Amino acid sequence: MTIGLRRLGQSDIQLSPIGLGCWQFSQGNGIGGKFWQTLPEDQIAAIVAASLAGGINWFDTAEIYGWGKSETALVHSLRAAGRRPGEVVIATKWYPVFRTAASIVATFPQRQAALEGWPIDLHQVHMPWGCSTRQGEMKAMARLLSEKQVRAVGVSNFSASQLRQAHRALQREGFTLVSNQVRYNLAQRYPDFDDTIQTAKELGISIIAFSPLAQGLLTGKFHEHPELVRFRVGLRKFMPLFSRRGLARTWPLIQELTRLGQAYQASPAQVALNWLLSYHGDMVVAIPGATTTAHAAQNVGSMAFQLTAAECRQLADLGR
Ligand SMILES: NC(=O)c1ccc[n+]([C@@H]2O[C@H](COP(=O)([O-])OP(=O)(O)OC[C@H]3O[C@@H](n4cnc5c(N)ncnc54)[C@H](OP(=O)(O)O)[C@@H]3O)[C@@H](O)[C@H]2O)c1
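Anyway, here's the lowdown on the structure attached to this text. Since this is a predicted model, take the numbers as computed values, not measurements.

The rules we used
- Residues numbered from 1 in each chain as written.
- Predicted model: local features only at pLDDT ≥ 70, side-chain atom pairs only at ≥ 80, totals over all residues.
- Heavy atoms only, no water.
- Salt bridge = Lys/Arg side-chain N within 4 Å of Asp/Glu carboxyl O.
- Helix = DSSP H or I, 4+ residues; strand = E, 2+ residues; numbered from the N terminus.
- Near = heavy atom within 4 Å.
- Polar contact = N/O pair within 3.5 Å; in protein donor to acceptor, adjacent residues only side chain to side chain.
- Areas by Shrake-Rupley, 256 points an atom, 1.4 Å probe, with all protein chains shown as cover.
- 1 Å grid on protein atoms, 1.4 Å probe; cavity = no way out; pocket = protein on both sides within 12 Å on 5 of 7 lines; lining within 4 Å.
- Sits in = over half its atoms within 2 Å of the grid points.
- Pairing = 2+ DSSP bridges.
- Contact = heavy atoms within 4.5 Å.
- Axes fitted to C-alpha atoms, helices over the stretch in contact; angles between N-to-C directions.
- Buried < 20%, exposed > 50% of the residue type's maximum accessible area, 1.4 Å probe, protein only.
- Points joined across faces, edges and corners; volume = space filled by probe spheres on them.
- Right-handed = clockwise from strand over helix to strand, strands pointing away.
- Arc of directions from axis to C-beta.

## Here's the deal with the pattern of salt bridges
No. 1: In this structure the tally under the stated criterion is 13 salt bridges.
No. 2: Linking Glu116 and Arg79 is a salt bridge whose minimum nitrogen-to-oxygen distance equals 3.0 Å. Residue Glu116 is found in the loop between α4 (108-114) and β6 (120-125), and its partner Arg79 is found in helix α2 (residues 69-80); the two are separated by 37 residues along the sequence.
No. 3: Overlapping salt bridges, with partners in common, bring together Glu63, Glu71, Arg99 and Arg111 in one network.

## Section: the site of the ligand
No. 1: Contacts to the ligand come from 31 residues, most closely from Gln24, Leu213, Lys221, Arg236 and Thr291.
No. 2: Interatomic distance of 3.0 Å between a side-chain N/O atom of Asn299 and a nitrogen atom of the ligand.
No. 3: Protein coverage of the free-state accessible area of the ligand, which is 890 Å², stands at 95%.
No. 4: Assessed atom by atom at 2 Å from the grid points, the ligand resides in the largest pocket.
No. 5: Where the shell around the ligand is concerned, the elements lending two or more residues are α9 (221-224) and α13 (293-300).

## Some thoughts on the sheet that holds strand β7 (residues 150-156)
Pairing between the strands of a sheet comes from backbone hydrogen bonds, and it takes one of two forms, parallel or antiparallel.
No. 1: With parallel pairing, eight strands are arranged side by side in an open sheet as β3-β4-β5-β6-β7-β8-β9-β10. At either margin of the open sheet sits one strand with a lone partner, and together these are β3 (20-21) and β10 (284-286).
No. 2: Inspection of the sheet shows strand β4 (residues 58-60) paired to strand β5 (residues 89-94) by three bridges, in the parallel sense. For Asp60, the partnering residue across the bridge sits in β5 and is Ala91.
No. 3: Running at roughly 155 degrees to β10, helix α12 (residues 268-279) makes contact with β9 (206-210) and β10 of the sheet.

## Here's the deal with the environment of Ile208
No. 1: Structurally, Ile208 is set in strand β9.
No. 2: The class for Ile208 is buried, based on a relative accessible area of 0%.
No. 3: For the pair formed by Ile208 and Val125, sequence separation is 83 residues and the distance between their alpha carbons is 13 Å.
No. 4: Excluding anything up to four places from it in sequence, Ile208 contacts Leu8, Trp58, Leu122, Gln124, Ser179, Asn180, Gln181, Val182, Val285 and Ile287.

## A few points about the layout of surface pockets
No. 1: The space that makes up the largest pocket amounts to roughly 980 Å³.
No. 2: Along the wall of the largest pocket there are 45 residues; nearest its centre are Trp23, Gln24, Trp36, Ser211 and Gln215.
No. 3: Elements that contribute at least two residues to the lining of the largest pocket include exactly β8 (179-183) and α13.
No. 4: Among the elements that make up the lining of the largest pocket, the one with the highest residue count is α13 (three residues).

## Some remarks on the pairing of β6
No. 1: Of all the six residues making up β6, six are buried; the element is thus mostly covered by neighbouring parts of the structure.
No. 2: As judged from the four bridges shared by β5 and β6, these two strands associate in the parallel manner. Bridging from a neighbouring strand, Lys93 pairs with Gln124 of β6.
No. 3: Both β6 and β7 contribute to a ladder of five bridges, which runs parallel. Its bridge partner being in β7, Val125 is matched across the sheet by Val155.
No. 4: The β-α-β motif built from β6, the intervening helix α5 (residues 134-146) and the parallel element β7 has right-handed crossover chirality.

## Describing the pairing of β5
No. 1: Along β5, six of the six residues are buried, which leaves the element largely enclosed by surrounding structure.
No. 2: Read as a crossover between parallel neighbours, the route from β4 over α2 to β5 is right-handed.

## A look at helix α14 (residues 309-319)
No. 1: Those residues of α14 that fall on the buried side of the exposure criterion are Glu311, Cys312, Leu315, Ala316 and Gly319. Mapping the buried residues of α14 onto a view down its axis gives an arc of 135 degrees, with all of them on the same face. Opposite the buried face of α14, at more than 90 degrees from it, the exposed residues are Arg313 and Asp317.

These figures come from the coordinates and say nothing about function on their own.
Structure follows, in structure tokens:
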């Protein structure tokens, strides 16, 4: 059984339940660009090709992922895989920090240039930390919508109340907000407890789960080989989840992911991703990142089965 396409919010965009997160394509540039190892272009192309082969039809990138490097590497890879503009869904994000809403429209040509003219389906406000009001940001996004420069508008890292404000503001301009991209995975279930998911449900907004594998933690590889943490570039080695205590606390969850996976011939990572796609029904889609083709191939495999409601509840209880 394969989980079918999902509608993005109230839009006409149909997404594979798993998309590919493209932060990993920052190539060492920009804020956060050094969080991941620098991937050569041919490896990026192979990751994108493996994702497409596994049934992914969309990609999540952003302005700050290398200040355009990720966007450009993505379209080069899509072209190398034989795809043409409009054949896949592309989501990108405007970076709001120290900027006013005016820069949404002013920087849009830069996004188009970085994407070498490939259409932007979903444009998102990356975080709720801009210098303008929610109303101002949504007015600027509404302009892009009315000029048909983008098909849909979403937000990211918005709390329940910020989501309501953005939704109302865009509605006043005659459009509907389609998504909120938030950190959401079995080890970090905050959106379940702070009303973010409940609010999105109520408003008909999709949740795009970022860091769906808790940045690799839910694969179980760091539990099996704790020394891996030290050898990875970037900040993961300093994060509480990756400390000895963090690994010990999440070990029962990894054991349960492994046990449940046996029935589906699935890895812990695949079960963790499938949980995201199953627990709240079709309102959640997830965007695991990948640094190898094997990761990409494995992650798309999470769409090939479906956990039962009882299994989802059991994992949710452990994740709590
Ligand atoms: N909106 C936001 O503020 C925001 C914030 C963060 C991320 N995002 C988006 O969400 C995407 C995904 O989040 P993320 O990259 O933070 O975390 P993630 O998807 O949970 O973890 C990705 C990392 O886990 C490891 N991995 C992935 N699949 C694996 C597998 N099957 N087996 C073993 N290891 C595997 C790889 O790292 P190693 O090989 O190095 O271990 C990979 O780079 C990003 O690419 C980005 O598009 C958005």
